[in-house]
Amino acid sequence: MKALLLLVLVGLVGGVSLGRPVRIWSHQEMLEKADLVLIAKPLSTKETGEISGGNGGWPAMVGIATTFEVVAVLKGDKALKQVTLSHYRLRKASDEVEFIDGPALLKLDLKEGRAYLLYLHRDTDERYTPLSGQIDPGSSILKLEEATH
């Protein structure tokens, strides 16, 4: 009986895990490592023409530049009025359904009028990238529950 119980427990705990490791960042760690931390609203988005992935099992991704209106700067240049965020979307909408355990890319709704808390890394003088990286940017680009005025 003990052997059967042990076998069941091992089966529950040591079952097949479908997933890839994703780093979990604390807010304090992101605040310390970010070049820019702000609250902002997305204004516009456009494709950059850059293509990434599409080989080695990853789906093809298209580069996106989203311009944000700065509401408040928590760390960085307080004079900023707008910021451009470089990120990606899947090249084909069907990849979202077909690709299991793929990148957790940003989905920004410009019409919603929501503000986001952004922890950013300076990419160039004009563009920033998500601090947590391009594959899983969600931990450093957080939708705020109430829109900020």
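Please read all numbers here as calculations on a predicted model, not as lab measurements. (Residues numbered from 1 in each chain as written. Predicted model: local features only at pLDDT ≥ 70, side-chain atom pairs only at ≥ 80, totals over all residues. Heavy atoms only, no water.)

S.K.: Describe the environment of leucine 144, with residues and values.
M.R.: Tracing the backbone through its elements, the reader meets leucine 144 in the segment after β6 (141-143). On the basis of relative accessibility, which here comes to 22%, the residue leucine 144 falls in the partly exposed class. Those residues in contact with leucine 144 that lie beyond four places of it in its chain are Ile39, Arg114, Ala115, Tyr116 and Leu117. (Helix = DSSP H or I, 4+ residues; strand = E, 2+ residues; numbered from the N terminus. Buried < 20%, exposed > 50% of the residue type's maximum accessible area, 1.4 Å probe, protein only. Contact = heavy atoms within 4.5 Å.)

S.K.: Give a detailed account of the nonpolar core, specifying residues and quantitative values.
M.R.: Leu36, Val83, Leu118, Leu120 and Ile141 are the most contacted members of the largest nonpolar core, which has 16 residues in total. Residue assignment for this core shows that the elements contributing at least two residues are β1 (36-53), β2 (60-75), β3 (82-90) and β4 (116-122). The contacts of leucine 118, once residues within four sequence positions are left out, are Leu36, Val37, Leu38, Ala40, Phe68, Leu85, Ser140 and Ile141. In terms of nonpolar packing, the next biggest core, distinct from the first, is built from nine residues, Trp25, Ala34, Ile39 and Leu131 among them. (Core = buried A, V, L, I, M, F, W, Y, C linked by side-chain atoms within 4.5 Å.)

S.K.: Kindly report on the side chain of serine 140, identifying the contributing residues and their values.
M.R.: As for its position among the elements, serine 140 is in the loop between β5 (127-130) and β6. For serine 140, a relative accessible area of 0% corresponds to the buried category. A polar contact is formed between the side chain of serine 140 and the backbone nitrogen of leucine 131, at a distance of 3.3 Å. Reaching out from serine 140, the side chain makes a polar contact with the side chain of serine 132 at a distance of 2.8 Å. Ignoring any residue separated from it by four or fewer positions in sequence, one finds serine 140 in contact with Met30, Leu117, Leu118, Tyr119, Pro130, Leu131 and Ser132. (Polar contact = N/O pair within 3.5 Å; in protein donor to acceptor, adjacent residues only side chain to side chain.)

S.K.: Before we move on, could you go through the pattern of salt bridges and cite the residues and values that matter?
M.R.: On inspection of all chains with the given rule, the structure shows two salt bridges. The shortest N-O distance in the salt bridge between glutamate 112 and lysine 143 comes to 3.2 Å. Taken together, the residues span a long stretch of sequence, with glutamate 112 in the loop between α3 (94-98) and β4 and lysine 143 in strand β6 at a distance of 31 residues. Given a relative accessible area of 36%, glutamate 112 falls into the partly exposed group. (Salt bridge = Lys/Arg side-chain N within 4 Å of Asp/Glu carboxyl O.)

Nothing here speaks to function; it is geometry throughout.
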